[in-house]
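Spelled out from the first residue to the last, the chains are:
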Amino acid sequence: MAQVETFYYDNAIVRKFAYATMLWAVVGMLVGLIAAFQLIWPELNLGIPYTSFGRIRPLHTNAAIFAFVGNGIYMGVYYSLQRLLKTRMFSNALSNIHFWGWQSIIVMAAVTLPLGITSAKEYAELEWPIDIAIALVWVVFGINMFGTILKRRENHMYVAIWFYIATWITVTVLHIGNNIEIPVSATKSYNIFAGVQDALVQWWYGHNAVAFFLTTPYLGLMYYFLPKAANRPVYSYRLSIIHFWALIFIYIWAGPHHLLYTSLPDWAQSLGTVFSVMLIAPSWGGMLNGLLTLRGAWDRVRQDPVLKFMVVAITAYGMATFEGPMLSIKSVNAISHFTDWTIGHVHIGTLGWNGFLTFGILYWLIPRLFNTQLYSGKLANAHFWIGTLGIAFYAIPLYWAGWAQSLMWKEFTPDGFLKYGNFLETVTQIMPMYYIRALGGTLYFAGTLVMVYNLIATIRQGSFIGDEVAEAPARVATDGAHKGEHWHRWIERRPMQMLVGAAIAILIGGIIEISPMVMIESNIPKIASVKPYTPLELHGRDLYIREGCLGCHSQMVRPFRSETERYGEYSKSGEYIYDRPFLWGSKRTGPDLHREGGKYPDSWHYNHMVDPQSMSPGSIMPAYPWLLRDEMDLGTLPKKIKVLTMLGTPYPEGFEDQAVADLKKQASEVAKRLRADGVEDDKLEKRDIVALIAYLQRLGTDIKPKAATN
Amino acid sequence: MYKYILESAGSINWMAISALITFVTVFLVSAIMAFRSPLGYLNKMSNLPLEDSILQTSEIDIRHEEK
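Please read these numbers as outputs of a predicted model, since none were measured by experiment.

S.K.: Residue-level account of the overall build of chain B, with values.
M.R.: The number of helices and strands found in chain B is 4 helices and 0 strands. Helices and strands in chain B line up, N terminus first, as α-α-α-α. Within chain B, buried positions represent 36% of all 67 residues.

S.K.: Can you break down the overall build of chain A residue by residue, with the values?
M.R.: Secondary structure summary: chain A contains 26 helices and 4 strands in total. Expected size for 710 residues packed as a compact globule is a radius of gyration near 27 Å; at 26 Å, chain A falls within 12% of this value. Put simply, chain A has 710 residues, and 65% of those count as buried. Sequence separation of 24 or more characterises 82% of the internal contacts of chain A that already satisfy a separation of 6 or more. Carbon together with sulfur atoms contributes 65% to the accessible area of chain A, which is approximately 24,700 Å² in total. Charge separation in chain A, taken as the distance between the mean sites of 59 positive and 53 negative side-chain charges, equals 8 Å.

S.K.: Please set out the nonpolar core residue by residue, giving values where relevant.
M.R.: All names here are of chain A. Formed by 193 residues in total, the largest nonpolar core has its most connected members in Trp102 and Tyr237. Looking at this core, the element that brings in the most residues is helix 6 (residues 195-230), giving 22 residues. Among the domains, domain 1 (8-475 + 488-513) and domain 2 (535-708) are the pair contributing at least three residues each to this core. In this structure, tryptophan 102 is in contact with Phe66, Gly70, Asn71, Tyr74, Ile97, Ile134, Val137, Trp138 and Phe213, ignoring residues within four places of it in sequence. Within the second largest apolar cluster, 46 residues are counted, among which are Leu550, Met609, Ile641 and Ala659.

S.K.: Kindly report on the side chain of aspartate 542 of chain A, identifying the contributing residues and their values.
M.R.: All names here are of chain A. Inspection of the secondary structure puts aspartate 542 in helix 19 (residues 535-546). Using a relative accessible area of 9% as the deciding quantity, one classes aspartate 542 as buried. Within the structure, the side chain of aspartate 542 is placed 2.9 Å from the side chain of lysine 640, a separation counted as a polar contact. Contacts of aspartate 542, omitting those with residues within four sequence positions, involve Lys188, Tyr190 and Lys640.

S.K.: Break down the packing of helix 13 (residues 340-369) of chain A against helix 14 (residues 377-410) of chain A for me, with residues and values.
M.R.: All names here are of chain A. At a minimum axis distance of 7 Å, the contact between helix 13 and helix 14 shows a crossing angle of 170°. Between helix 13 and helix 14, the crossing angle belongs to the class labelled roughly antiparallel. Here the residues of the contact of helix 13 with helix 14 are counted per class, giving 16 nonpolar, 9 polar and 1 charged.

S.K.: Break down the domain arrangement of chain A for me, with residues and values.
M.R.: Residues and elements named next belong to chain A. Segmenting chain A into domains produces domain 1 (8-475 + 488-513) and domain 2 (535-708). Each of domain 1 and domain 2 has a C-alpha centre, and these two points are 34 Å apart. Taken together, the contact between domain 1 and domain 2 spans 63 residues of the former and 53 residues of the latter. Overall, the association of domain 1 and domain 2 removes approximately 4,700 Å² of surface from exposure, summing both partners, and the carbon and sulfur fraction of that is 66%. Area buried by domain 1 at its contact with domain 2 is led by Tyr190, Phe338 and Phe423, which between them contribute 17% of it. Put simply, lysine 188 and aspartate 542 hold a salt bridge, and the shortest N to O gap is 3.1 Å.

S.K.: Explain the pattern of salt bridges residue by residue, including any values.
M.R.: Scanning all chains against the criterion turns up 30 salt bridges over all chains. Among the ionic pairs, aspartate 340 of chain A bridges to lysine 587 of chain A, the shortest N-O distance being 3.4 Å. One end of the pair, aspartate 340 of chain A, is in helix 13; the other, lysine 587 of chain A, is in the loop between helix 20 (561-566) and helix 21 (602-610), with 247 residues separating them in the sequence. For the pair aspartate 340 of chain A and lysine 587 of chain A, one class covers both residues: buried. A salt bridge links lysine 572 of chain A to glutamate 569 of chain A; its shortest N-O distance comes to 2.6 Å. Residue classification places glutamate 569 of chain A among the partly exposed residues on the basis of a relative accessible area of 41%. Each of Arg83, Lys228 and Glu468 of chain A together with Asp52 of chain B takes part in salt bridges that share partners, so that together they form one network.

S.K.: Mind laying out the state of the cysteines, listing which residues take part and the relevant values?
M.R.: All names here are of chain A. On inspection of all chains with the given rule, the structure shows 0 disulfides over all chains. Cysteine 552 provides the cysteine sulfur closest to cysteine 549, a residue in no disulfide bond, and the two sulfurs are 8.6 Å apart. On the basis of relative accessibility, which here comes to 17%, the residue cysteine 549 falls in the buried class. Among the residues examined, cysteine 552 registers a relative accessible area of 15% and is labelled buried.

S.K.: Hey, could you go over helix 13 of chain A for me, with residue numbers and the actual values?
M.R.: Since the α-helix advances by 3.6 residues per turn, residues separated by three or four positions end up pointing in the same direction. Residue and element names in this part refer to chain A. In this model, helix 13 (30 residues) spans 40 Å end to end at C-alpha, consistent with the 44 Å of a helix rising 1.5 Å per residue. The sharpest bend along helix 13 comes to roughly 30°, located at glycine 355. Looking at where helix 13 begins, the residue whose side-chain oxygen comes 3.1 Å from the main-chain nitrogen of tryptophan 341 is threonine 339. Note on helix 13: the residue one or two positions beyond its end, asparagine 371, has a positive phi of about 50°.

S.K.: How would you summarise helix 25 (residues 655-676) of chain A if you had to cite specific residues and measurements?
M.R.: Residues and elements named next belong to chain A. The first and last C-alpha atoms of helix 25 sit 31 Å apart over 22 residues, in line with the 32 Å expected at 1.5 Å per residue. The largest bend along helix 25 measures about 30° and falls at alanine 661. Listed as buried for helix 25 are Phe655, Ala659, Leu663, Gln666, Ala667, Val670, Ala671 and Leu674.

S.K.: So what about the packing of helix 13 of chain A against helix 16 (residues 431-461) of chain A? Which residues, and what values?
M.R.: Residues and elements named next belong to chain A. At their nearest, the axes of helix 13 and helix 16 sit 11 Å apart, and the two run at 10° to each other. On the basis of the axis angle, helix 13 is roughly parallel to helix 16. Contacts between helix 13 and helix 16 pair Asp340, Ile343, Leu351, Gly355, Phe356, Phe359, Leu362, Tyr363, Ile366 and Pro367 from the former with Tyr434, Arg437, Tyr444, Thr448, Met451, Asn454, Leu455, Thr458 and Ile459 from the latter. Its residues assigned to classes, the contact of helix 13 with helix 16 comprises 13 nonpolar, 4 polar and 2 charged.

S.K.: Tell me what's going on with the packing of aromatic side chains, and back it up with residues and numbers.
M.R.: Residue and element names in this part refer to chain A. One pass over the full model with this rule turns up 56 aromatic pairs over all chains. Their ring planes at 85° and their centres at 4.8 Å tell us that phenylalanine 99 and tryptophan 100 sit as a pair that is edge-to-face. Aromatic side chains tryptophan 138 and phenylalanine 213 sit 6.3 Å apart centroid to centroid with 40° between the ring planes, which places their arrangement in the tilted category. Of the two residues, tryptophan 138 sits in helix 4 (residues 128-150) while phenylalanine 213 sits in helix 6, which places them 75 residues apart along the sequence. With respect to burial, tryptophan 138 and phenylalanine 213 carry one shared label: buried.

S.K.: Break down unusual backbone geometry for me, with residues and values.
M.R.: Residue and element names in this part refer to chain A. Of the consecutive residues arginine 580 and proline 581, the connecting peptide bond is found in the cis state with omega at -5°. Positive phi, close to 60°, is recorded for leucine 46, a residue that is not glycine. Turning to its location among the elements, leucine 46 is positioned in the loop between helix 1 (12-38) and helix 2 (53-85).

S.K.: Which residues make up the confidence of the model for chain B, and what values go with them?
M.R.: Here chain B shows a mean pLDDT of 70. Residues at 70 or above account for 57%. Residue range residues 56-67 of chain B is modelled with pLDDT below 50. Its contacts to residues more than four positions away, or to other chains, number 28 contacts.

S.K.: Let's hear about the environment of valine 660 of chain A: which residues, and what values?
M.R.: Residues and elements named next belong to chain A. Its place among the elements puts valine 660 in helix 25. Owing to a relative accessible area of 25%, valine 660 belongs among the partly exposed residues under this scheme. For the pair valine 660 and arginine 546, spaced 114 residues apart in the sequence, the C-alpha separation amounts to 20 Å. Among residues more than four places away in sequence, those in contact with valine 660 are Leu634, Leu637 and Pro638.

S.K.: Quick one: what's the story with the pairing of strand 2 (residues 181-185) of chain A, residue by residue and with numbers?
M.R.: Residues and elements named next belong to chain A. Summarising the sheet, strand 2 and strand 3 (residues 188-191) pair through 4 bridges and their orientation is antiparallel. What sits directly across from serine 185, in strand 3, is lysine 188. With antiparallel pairing between neighbouring strands as the criterion, strand 2 and strand 3 make up a hairpin whose turn holds 2 residues.

S.K.: Hey, could you go over the side chain of glutamine 103 of chain A for me, with residue numbers and the actual values?
M.R.: Residues and elements named next belong to chain A. As for its position among the elements, glutamine 103 is in helix 3 (residues 92-112). A relative accessible area of 9% means that glutamine 103 is categorised as buried. Excluding residues that lie within four positions of it along the chain, glutamine 103 makes contacts with Phe17, Ala20, Trp24 and Asn71.

How each quantity is defined
- Residues numbered from 1 in each chain as written.
- Chains lettered and ligands numbered in written order.
- Predicted model: local features only at pLDDT ≥ 70, side-chain atom pairs only at ≥ 80, totals over all residues.
- Heavy atoms only, no water.
- Helix = DSSP H or I, 4+ residues; strand = E, 2+ residues; numbered from the N terminus.
- Buried < 20%, exposed > 50% of the residue type's maximum accessible area, 1.4 Å probe, protein only.
- Rg over C-alpha atoms; globule rule 2.2 N^0.38 Å.
- Contact = heavy atoms within 4.5 Å.
- Areas by Shrake-Rupley, 256 points an atom, 1.4 Å probe, with all protein chains shown as cover.
- Lys, Arg positive; Asp, Glu negative; His and termini not counted.
- Charge placed at Lys NZ, Arg CZ, Asp CG, Glu CD.
- Core = buried A, V, L, I, M, F, W, Y, C linked by side-chain atoms within 4.5 Å.
- Domains from an automatic or database assignment.
- Polar contact = N/O pair within 3.5 Å; in protein donor to acceptor, adjacent residues only side chain to side chain.
- Axes fitted to C-alpha atoms, helices over the stretch in contact; angles between N-to-C directions.
- Parallel < 35°, antiparallel > 145°, perpendicular 65-115°, else oblique.
- Nonpolar A, V, L, I, M, F, W, Y, C, P; charged D, E, K, R; others polar.
- Buried area = accessible area lost by both parts, 1.4 Å probe.
- Salt bridge = Lys/Arg side-chain N within 4 Å of Asp/Glu carboxyl O.
- Disulfide = S-S within 2.5 Å.
- Expected span 1.5 Å × (residues − 1).
- Bend = angle between axes of the 7 residues up to and from the residue.
- Phe/Tyr/Trp six-rings, centres within 6.5 Å; stacked < 30°, edge-to-face > 60°.
- pLDDT = per-residue confidence, 0-100.
- Pairing = 2+ DSSP bridges.

Printed below as a string of structure tokens:
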């Protein structure tokens, strides 16, 4: 018999992360709500660059994912890990470095994204110094987690801990792989991958950020907190083993489903589709395992708000993981992609799965940390219903809007012309849905405020237990597998072996999918007429990135007649070889811009930026007066040319020294054309707008050179 | 060499096939592993979240060696 030891769980770090997730939930949702209202009233940014839609959209997504859900993950992991392993966290210091480091990163993101400092890669927008900070803090978290596992009293690792380990190793690989970039300055870098390769790497990351940041850690939390709240063991531990291995192996392959019908080679698209459809099996296995855990306890679900939140969360997980594979089927994706359907889909995941599971855990956890009862069960129930209605009012209108807009994009008259040739007709049609979506968001946000009030009242009436006493027998060290023991149970006692096993499972998919794209040149056929951007166009492109234009405009004409009729020739992979980063986008709130070059005169673009509604009545694009006001900052231009040359862009030797002169020459030509059309500004050739116009006029013209002479 | 092998693979269909084979292997191994686990062990593991503090336990519980 091993000696029973007394020790203390560290609740202080759990409390810190719980407070942080509550705070950032409010902030992240508020920013999202502002963005939703800006889609109804574009002038709501008050003419301020820092609050414009293109800049606050990534702020909202980053806040929701990495601040709200991120802190929710750490709250749950720090609580459950200690108890599952019957030990205190490895190091109080590392716990605190992790906490304060992560909050500092969030604050840096909240400052830099509104300033327009972004690498333009969805969910990985933060620039390289912050990327390094993320990597360091993540390593601190890893050391603390593995240190805790190593000093455990419980020999075997419960399945929740496997999910935590898989999360840690995969996020490490994804974060590094997608952020290999060469710095130009402290606030600007260029990615080593370009065009199609960059797209594949980005969506390998982007999809798996959903998989391994929003899903696997939360599945770990589900496997711990649901049995805890229901006070009954998980329905099937066997199923959880299969769920784990099948899920992490398949998930990593599914990224290319974000790039169907694009210039990505067909074989990569097909792999993405096949594995996405297969994903439904482990995902639903996990969902059923969660729901069946409540078998025989459904009467309690009617009474207990914690279980109510968890049941809806798991149901939302099931809905999202059914919908995801369906959206990955090419014929469905042809309808859904670039529409609001995608936005509705991801919000079933974040509002339903992540949001409601976090709320359920908070309602369960806070009273226990403070040794008291929940302040008000009625308020928690009210939150549940307001939140559930909020999700419905958010998602259903967007499904409707997605279908409506896509069908309108594709509709032809009997004579063979586009029935809705003006893109704006398809925008004004779905505006009522945007109003209802904003109402849904408001409801969900209001529910969150009710929860925060309820939890603060609970905290105030309770008394915090910082160090919670516990007892467990000392661990009996075991070397190697025991006679008659199954080999997998040996792995479960060996965290490093589990780490390596999980790493192999996720690396197989990544390597097989990505390496041919990077190594085989024939995957991206070159086009002789495609040339590097001029310095002025490059500056304009960086402004396009800064303003977050890709949040609303794609640059990818898919090979459908409805798209080639509307926009022009479909996009070829060889057209993007100098695009660092790629800017294909994933949503068309406005029209695609890949064939924008030469479509309108320069002065049209100028006036459009002054007042979009004057050129396009009914448009929901905000005005960009600062582009007409601000002078070009060319301080880093030579360095940009140097870095791009180093990465393989074929600028002439020593071009970095001529770049500024080249830029000024082209700028004066654009300014001359603008003046000829009546634009009055003495410093026109120095303004940012000139660079942006030069970039827009270049877009898609390389394969139709004559049209470029605007 | 690696490039040559990849390029000579033509349409790279072997990647889809190898992916499927690898997945089926992973799935089967994890399924066999799960179904061969003894009931006592599975019960012990699935009850782990419910016990924050263990006052008494036996050597057998710790090692899970007995079937």
